[in-house]
Amino acid sequence: MSKVKIFSPAVPNMPWQDRSEGKTTGCADAPIWRYNENPIIGRNPVKGVARIFNSAVIPYEGAFIGVFRGEQTNGIPYIYLGRSQDAIHWDFESNKIDFVDEEGKPFMPVYAYDPRLVKVEDTYYIIWCQDFYGAAIGMAKTTDFKTFTRIENPFLPFNRNAVLFPRKINGNFMMLSRPSDSGHTPFGDIFVSESPDMLYWGKHRHVMGKGNEWWESLKIGGGAAPIETSEGWLLFYHGVSGTCNGYVYSIGGAILDIDNPSIVKYRCENFLLTPEEWYEERGFVPNVCFPCATIHDSETGRIAIYYGAADSYVGLAFTEVDEIVDYIKNNSKLSESDKEIGRR
Ligand code: BMA
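To start, this report covers the structure provided alongside it. What you see is a predicted model, and the numbers here were worked out from it, not measured in a lab.

Describing the overall build of the protein
Item 1. In terms of helices and strands, the protein carries three helices and 23 strands.
Item 2. For the protein, whose C-alpha radius of gyration is 18 Å, the value lies close to the compact-globule estimate of 20 Å for 344 residues.
Item 3. Along the first, second and third principal axes, the C-alpha set of the protein runs to 50 × 45 × 45 Å.
Item 4. Relative to its 344 residues, the protein shows a buried fraction of 61%.
Item 5. The long-range fraction of contacts in the protein, counting pairs at least 24 apart against all pairs at least 6 apart in sequence, stands at 55%.
Item 6. Summed over all atoms, the accessible surface of the protein reaches about 14000 Å², with 49% contributed by carbon and sulfur.
Item 7. If the 34 positive side-chain charges of the protein are averaged to one point and the 44 negative ones to another, these points end up 3 Å apart.

Here's the deal with the site of the ligand
Item 1. Residues in close proximity to the ligand include Asn54, Arg69, Tyr113, Asp114, Tyr249, Val285, Val288, Phe290 and Asp311, which together make up its full environment.
Item 2. Between an oxygen atom of the ligand and a side-chain N or O atom of Arg69, the distance comes to 2.7 Å.
Item 3. At a separation of 3.0 Å, an oxygen atom of the ligand approaches a polar side-chain atom of Tyr249.
Item 4. Bound to the protein, the ligand loses 86% of the 310 Å² it would expose on its own.

Digging into the pattern of salt bridges
Pairing between side chains of opposite charge can happen when the charged atoms of each approach one another.
Item 1. Applying the stated rule across the entire model yields 18 salt bridges.
Item 2. Two residues, Asp326 and Lys3, come together in a salt bridge whose shortest N-O distance is 3.7 Å. Of this pair, Asp326 sits in helix α2 (residues 321-330) while Lys3 is found in the segment before β1 (33-34), placing the two residues 323 residues apart along the sequence.
Item 3. Between Glu276 and Arg34 there is a salt bridge, with its nearest N and O atoms 3.8 Å apart. Within this pair, whereas Glu276 is found in the loop between β20 (264-267) and α1 (278-281), its partner Arg34 is found in strand β1, the two being separated by 242 residues in sequence. An identical accessibility class is assigned to Glu276 and Arg34; each is buried.
Item 4. Through salt bridges with shared partners, a single ionic network connects Arg51, Arg69, Glu71 and Asp114.

With respect to the sheet that holds strand β12 (residues 159-164)
Item 1. Across the sheet, four strands lie side by side as β12-β13-β14-β15; this open sheet has antiparallel pairing. Because the sheet does not close on itself, it has two edges, and the strands there are β12 and β15 (202-208). For this sheet, the mean inter-axis angle between neighbouring strands, taken without regard to orientation, is 30°.

Re the environment of Glu336
Item 1. In this fold, Glu336 is placed in helix α3 (residues 336-339).
Item 2. What makes Glu336 exposed here is its relative accessible area of 60%.
Item 3. Once the C-alpha coordinates of Glu336 and Met208 are considered, the two residues, 128 residues apart in sequence, prove to be 9.6 Å apart.

What counts, and at which threshold
- Residues numbered from 1 in each chain as written.
- Predicted model: local features only at pLDDT ≥ 70, side-chain atom pairs only at ≥ 80, totals over all residues.
- Heavy atoms only, no water.
- Helix = DSSP H or I, 4+ residues; strand = E, 2+ residues; numbered from the N terminus.
- Rg over C-alpha atoms; globule rule 2.2 N^0.38 Å.
- Buried < 20%, exposed > 50% of the residue type's maximum accessible area, 1.4 Å probe, protein only.
- Contact = heavy atoms within 4.5 Å.
- Areas by Shrake-Rupley, 256 points an atom, 1.4 Å probe, with all protein chains shown as cover.
- Lys, Arg positive; Asp, Glu negative; His and termini not counted.
- Charge placed at Lys NZ, Arg CZ, Asp CG, Glu CD.
- Near = heavy atom within 4 Å.
- Polar contact = N/O pair within 3.5 Å; in protein donor to acceptor, adjacent residues only side chain to side chain.
- Salt bridge = Lys/Arg side-chain N within 4 Å of Asp/Glu carboxyl O.
- Pairing = 2+ DSSP bridges.
- Axes fitted to C-alpha atoms, helices over the stretch in contact; angles between N-to-C directions.

Set out below in structure tokens:
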């Protein structure tokens, strides 16, 4: 039993590899280690799809299911469904997810990328980036992974990296997002918005800005759905450094206040994972570690982090809640805007 409690169902069959077997790396001192058979999803994973990366998975009916960013061979990203018994080896449907609109008529976004998958109460929500007169947030819901019904676009363009909290807070749905431009956004902070009905979103609050540390000094964005713990919401996010040779995406960690996630309680000044392995450094876009999901077990405190690598692969890394929370707390550096209720 971990010292820090995770409040979510137990997942005894979650993927796991002990640290001694996993790949640790020389330069990162965070208690997080890579699966030694990474990448778990390689190139050309299914007919018509050149690469799968930046994807989200969740326990489902005793096994696992996921929504995957598939880069089609025409270069346009879309979302594909995948299923797995062990959350490591995945079978993908060869057809893109067929969304329907609120009236049950077919609805196909022009493109769809970086999906997240979050269960709130009895419904699974998919949140992604799509065209709405520029990059914006798309959403759909399902209860059976057969019918996927569109929900109104929650935010105006331009926005990316929307991540829903796994339960309502003070009676409202809560969602992180990162307002942006429509290109390769050279700025960006994380905000939180709330909604009573998943239709109307408001009470927008600033959560955290790009960091002072160089690894996240250009922009940041929400990653995996926050994990509810006895210390607060544990958030794995991405932070970007703008080097003379292009952007570098690393994984960062923060803990948000449980009742008011606009307030950051702890924020780790060090990255938790940064591109070091060949599949992170080399690919369609080099130097990208982009977290989109975790699977975690409340019984053991184990956490598996799923991240896109170099816009080409999916990688898996492991940590334990006690150790990662300690590490984030022991290396926490907050700015004034992190600590305030971000309202102006
Ligand atoms: C961001 C997003 C991600 C991508 C990253 C690196 O702007 O588009 O999907 O992984 O760039 O290319």
